[in-house]
Each structure stands twice: as C-alpha cells, then as structure tokens.
Amino acid sequence: MLSPRKVKYRKQHKGRMNGTAYRGSDLNFGDFALKATECGRMSAAHIEAARITINRKIKRGGQMWIRVFPDKPITKKPAETRMGKGKGVPEYWVAVVKPGRILYELSGVPEELAMEALKLAGYKLPFATKVISRSTTI
C-alpha cells in the first residue's frame, strides 16, 4: 500500500472538502484520464484496486500515470474503548480528492480500451468519476 516515508506530524485534523481542484485538474501526461466529479477520500487501497483494474484491462500495454498520493493519516481508536484518553493511532492513509481532480492518465492504448478500463476503475472508487480524453478537453 502507498504511504509517505516520513511526515512532519503523525496526526492531522479532519479538514473540510469544499471547492473545486485547481491543482491537478489538467490532462498533462496521457491521452485519456479518469476525473473526479465529486469530493471524497481515496484510500491507498482504493488507489491500488483501481490501478490493478486498469492494468488487467489494458493487459499492461501503454503507459499509466497515477496522479494522486495518500498523504493524510486517518486515525482510529480501538473497538470497545472508553471515551477520552486522546486521539487514536493512525490507521490508514488517504488522498483528499476534490471535484475536477485527475486521478489516472493513460496513453498508448486504443480509445475504446482506455475508456472501458478507466470506467471500470471508476466503479472501484467511493465517489463519482468521468472519463475524459485529450480530444474532448481541447
């Protein structure tokens, strides 16, 4: 699973997910992309599940870029623990995703195959996505 090697602080505030993505909202590397249309949190397991789905569909042909990285720790207290005694320990890592954020990019594969692979990957994610191509964004 993806996680940062080193962080300045072990625990973070929850934060708010409002507004649209300015950074990471353009198609930079590939010809086709999976774009978020809702906000949400994408865990390292979600990123890996979608990556495996794309790779299986395109049969490791072409090139893929993952444009998100889980850098926010989510803490959790153990089951059947009384209230108080501080915040729980970091359980897993998430990437905060805002609408408009590009998640995956593909190139070097036929258009129908890329569209199908990215659509299948979108089913694995906890928020709505859409598939875009360089021809539709220009």
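In the block above lies the structure referred to throughout.
Residues numbered from 1 in each chain as written. Predicted model: local features only at pLDDT ≥ 70, side-chain atom pairs only at ≥ 80, totals over all residues. Heavy atoms only, no water.

Attention shifts here to helix 2 (residues 111-123). For helix 2, with 13 residues, the first-to-last C-alpha span of 19 Å sits near the 18 Å given by 1.5 Å per residue. Within helix 2, burial applies to Ala114, Ala117, Leu118, Ala121 and Gly122. For helix 2, the buried positions fall inside an angular range of 140° around the axis, keeping them on one side. Of the exposed residues in helix 2, the ones pointing more than 90 degrees away from its buried face are Glu112 and Tyr123. Summarising the contacts, the buried residues of helix 2 are in contact with strand 1 (32-36), helix 1 (44-58), strand 6 (102-107) and strand 7 (129-133). (Helix = DSSP H or I, 4+ residues; strand = E, 2+ residues; numbered from the N terminus. Expected span 1.5 Å × (residues − 1). Buried < 20%, exposed > 50% of the residue type's maximum accessible area, 1.4 Å probe, protein only. Arc of directions from axis to C-beta. Contact = heavy atoms within 4.5 Å.)

Turning next to the environment of Pro70. Residue placement: Pro70 occurs in the loop between strand 3 (63-66) and strand 4 (72-76). Spatially, the C-alpha atoms of Pro70 and Ser43 are 6.5 Å apart, while their sequence positions differ by 27 residues. Those residues in contact with Pro70 that lie beyond four places of it in its chain are Leu2, Ser3, Pro4, Ala44, Ile47, Trp93, Val94 and Ala95.

To continue, consider the sheet that holds strand 3. Read from one edge of the open sheet, four strands run 3-6-1-7, paired in antiparallel fashion. With partners counted over all chains shown, the strands left at the sheet margins are strand 3 and strand 7, one partner each. Shown here is a sheet whose adjacent strand axes are inclined to one another by a mean of 20°, direction ignored. Summarising the sheet, strand 1 and strand 6 pair through four bridges and their orientation is antiparallel. By the bridge assignment, Phe32 is partnered in strand 6 with Leu106. Helix 1 rests against strand 3 and strand 6 of the sheet, and its axis sits at about 20° to strand 6. Where helix 2 meets the sheet, its contacts fall on strand 1, strand 6 and strand 7, and the angle it forms with strand 1 comes to roughly 25°. (Pairing = 2+ DSSP bridges. Axes fitted to C-alpha atoms, helices over the stretch in contact; angles between N-to-C directions.)

Purely geometric numbers; function is a separate question.
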